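# Per-entry structural report
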Amino acid sequence: MRRSSALSLAAAAVVALGVVAPAQAAIAGPAAAGTAPAGPATAGSATGLDRAALREAIRVRPEDGVAGVVAEVHKGGQRWLGTSGDVVTGKRVSRGAHFQIGSISKPMEAVILLQLSAEGRVDLDQSVQHYLPGLLPEERFTDPISVRQLLNHTSGLPHDLEGAPASSTDEEIERRLDYVTFDEVIRQTLHPEGRPAPGPRFRPGTRQEYNSFGYRVAGKLIEEITGHSYQHEVSVRILKPLKMRQSRPTVPGRATGVPRPYLPGYLDRSNGELVDVNVQGGLPASMTSTTGDLDRFISGLFDGRLLRPAQAAELFAVPKGADGKPLPYADGSDCNVGPAKGTACYSVGLKYVPLPDGSLLWGKTGSEPGYRSGVFATRDLTLRAVYSMGTSSFRSNGALTVAQRLTMAALGN
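This structure is a prediction, so every number in the text was calculated from the model and none was measured.

From N to C terminus, the protein chain includes twelve helices and eleven strands. Each of the 413 residues in the protein chain was classed as buried or not, and the buried ones make up 57%. For the protein chain, the proportion of contacts with a sequence separation of at least 24, taken over those separated by at least 6, is 74%. Taken as a whole, the protein chain presents about 16,200 Å² of accessible surface, with 49% of it coming from carbon and sulfur.

Here it is in structure tokens:
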């Protein structure tokens, strides 16, 4: 229901510095779905963390539109944890604060389907229509859409609730309490009441466009194949093996609060009243977590604890066309930095961003009402960063500014 709107931590750094990765970070090497630009595995790992710069980076300024920040950075074997206080109430924010992770759950969905692929229970090249017959209306969706295309954003499916009228800020604040199943999102998107039903945005496999709706279908597929709820599968396949004890999937059917201690996130009503929106319903894939747990996730994802090599390769492979070149990105709203600007920058579950020294960060951002979060790392895990910001209004875009400062401090710029 909610599309990630925050730029990645790494992309913000590139934009802020006004530079791009060197030209030698070229597309090279075979992979099932393509490859991402190759570059040095590490990003400034020879230098340590500038803790004073990191503390200053997350200090909230009035113009940021951010209520508070919690962040964790690992570099060259060093670790830094930091928070900025809740500027609305003046209270301290715990370094172990919980927060809503938003679309950072998408890599977890991808991991589950990659594991099912390794188990022979799903074929990434088989169509959604095969596994979920009748879900996509045949008269509108005539081309087969593969499971891989759901996960690497090349499906061409419509966006969540595409064509629905915009909601008021007050309606959005109240709507955050709704718990919506995968089936309900799919029905409301593909079979809307009172407006035309959407069709494909483009032919599957011809371009890339970030698409949350494809992950709603992926979530439905996980539940259909396993016979279990998504919450059960993510718990037994990811949270428990990685000892992510501070992470909590949504409770089906009701709204729940972010566990204490938590990072407050605020939205403002039309009358100016600020509402702490930590109580939310969300989707089956919604989750609360901490910086420490998300660091465990990306570490376990990259070091082989979750996936076999063949499946892990999908995390670092961007889709290519028949000409062997990365697919074009649909518009200029994303994948717009580096030498491969304008072409696919999402793999199965992740996004890559080139850094000024030619290295790459891989990870994911996420947004929920009141929260903007992200987790990124180099493939060898020598540089890792996790952050979450509580907003102080609907119109706040200050999370980008804070992410820029944090990234430049982590990189030593």
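Their axes nearest at 9 Å, the elements helix H7 (residues 182–190) and helix H8 (residues 213–226) cross at an angle of 135°. Between H7 and H8, the angle is such that the two are oblique. Between H7 and H8 lies a crossing whose hand is left-handed. Residues Phe 182, Asp 183, Val 185, Ile 186, Thr 189 and Leu 190 of H7 lie in contact with H8, whose contacting residues are Phe 213, Tyr 215, Arg 216, Val 217, Gly 219, Lys 220 and Glu 223.

Quick look at unusual backbone geometry now. A negative phi angle characterises most non-glycine residues, just as the trans form characterises most peptide bonds. Geometrically, the link from Arg 260 to Pro 261 is a cis peptide bond, its omega value of -10° lying close to zero. Relative to the elements of secondary structure, Pro 261 occurs in the loop between strand E4 (248–249) and strand E5 (266–268). The backbone of Leu 161 sits at a positive phi, close to 50°, despite the residue not being glycine. Mapping Leu 161 onto the fold places it in the loop between helix H5 (147–151) and helix H6 (169–175). What makes Leu 161 partly exposed here is its relative accessible area of 22%. For Leu 381, which is not glycine, the phi torsion reads 70° and is therefore positive. By the secondary structure assignment, Leu 381 is in the loop between strand E10 (371–377) and strand E11 (383–391). Since its relative accessible area comes to 15%, Leu 381 is described here as buried.

Summary: where empty space remains is shown by rolling a probe the size of a single water molecule over the atoms. Following the criterion strictly, the structure yields four cavities of 30 Å³ or more and no others. Considering only enclosed or pocket space, the second largest cavity measures out at about 80 Å³ in volume. The wall of the second largest cavity is formed by twelve residues, among which Cys 335, Asn 336, Val 337, Cys 345 and Tyr 352 lie closest to the centre. Looking at the lining of the second largest cavity residue by residue, the class counts come to eight nonpolar, two polar and two charged.

What follows is about the nonpolar core. In terms of nonpolar packing, the biggest core is built from 76 residues, with Met 108, Leu 113, Val 217, Ile 238, Leu 301 and Phe 302 touching the most fellow members. Of all elements in the fold, only helix H3 (105–118), H5, H7, H8, helix H9 (230–239), helix H10 (291–302), strand E9 (360–368) and E10 reach the threshold of two or more residues within this core. In terms of residue count, H3 provides more of this core than any other element does, seven residues in total. Sequence-distant contacts of Ile 238, defined by excluding residues within four places in its chain, comprise Met 108, Val 111, Ile 112, Glu 233, Met 244, Phe 297 and Leu 306. Counting 24 residues, the second-largest nonpolar core is a separate cluster that includes Leu 54, Ala 71, Phe 376 and Met 389.

This next bit is on the side chain of Thr 290. Relative to the assigned elements, Thr 290 resides in the loop between strand E7 (287–289) and H10. Reaching out from Thr 290, the side chain makes a polar contact with the backbone nitrogen of Asp 293 at a distance of 3.1 Å. With residues up to four places along the chain from it excluded, the contact list for Thr 290 reads Gly 96, Ala 97, His 98, Phe 99 and Gln 246.

In the structure shown here, the tally under the stated rule is one disulfide. A sulfur-sulfur distance of 2.0 Å marks the disulfide that ties Cys 335 to Cys 345. Since a negative S-S torsion denotes a left-handed disulfide, the Cys 335-Cys 345 link at about -75° is left-handed. Of this pair, Cys 335 sits in the loop between helix H11 (309–312) and strand E8 (351–354) while Cys 345 sits in the loop between H11 and E8; the two residues are ten residues apart in sequence, bridging distant segments of the chain. In terms of burial, Cys 335 and Cys 345 fall into one category: buried.

Overall, antiparallel pairing links the three strands, which are arranged E3-E7-E4 in an open sheet. Two strands bound the open sheet, and with one partner strand each, they are strand E3 (99–100) and E4. Pairing between E4 and E7: two bridges, direction antiparallel. For Pro 249, the partnering residue across the bridge sits in E7 and is Met 287.

In this section: the packing of aromatic side chains. Evaluated as defined, the whole model comprises five aromatic pairs. The interplanar angle of 85° and the centroid separation of 5.1 Å between the aromatic rings of Phe 316 and Trp 362 together place this pair among those described as edge-to-face. Taken as a pair, Phe 316 in the loop between H11 and E8 and Trp 362 in strand E9 lie far apart in primary sequence, 46 residues in all. Residue class for Trp 362 comes out buried when judged on its relative accessible area of 2%. Here a set of aromatic residues connected by ring pairs shows up, and it is made of Phe 302, Phe 316, Tyr 352 and Trp 362. Positioned above the aromatic ring of Tyr 215, the side-chain terminus of Lys 106 is 5.8 Å from the ring centre. Directly above the aromatic system of Phe 316 lies the positively charged group of Arg 379, at a separation of 3.9 Å from the ring centroid.

How each quantity is defined
Residues numbered from 1 in each chain as written. Predicted model: local features only at pLDDT ≥ 70, side-chain atom pairs only at ≥ 80, totals over all residues. Heavy atoms only, no water. Helix = DSSP H or I, 4+ residues; strand = E, 2+ residues; numbered from the N terminus. Buried < 20%, exposed > 50% of the residue type's maximum accessible area, 1.4 Å probe, protein only. Contact = heavy atoms within 4.5 Å. Areas by Shrake-Rupley, 256 points an atom, 1.4 Å probe, with all protein chains shown as cover. Axes fitted to C-alpha atoms, helices over the stretch in contact; angles between N-to-C directions. Parallel < 35°, antiparallel > 145°, perpendicular 65-115°, else oblique. Left-handed = near helix turned anticlockwise from the far one by under 90°. 1 Å grid on protein atoms, 1.4 Å probe; cavity = no way out; pocket = protein on both sides within 12 Å on 5 of 7 lines; lining within 4 Å. Points joined across faces, edges and corners; volume = space filled by probe spheres on them. Nonpolar A, V, L, I, M, F, W, Y, C, P; charged D, E, K, R; others polar. Core = buried A, V, L, I, M, F, W, Y, C linked by side-chain atoms within 4.5 Å. Polar contact = N/O pair within 3.5 Å; in protein donor to acceptor, adjacent residues only side chain to side chain. Disulfide = S-S within 2.5 Å. Pairing = 2+ DSSP bridges. Phe/Tyr/Trp six-rings, centres within 6.5 Å; stacked < 30°, edge-to-face > 60°. Lys NZ or Arg CZ within 6 Å of the ring centre and 35° of its normal.

These results come straight from atomic positions and should not be treated as a statement about function.
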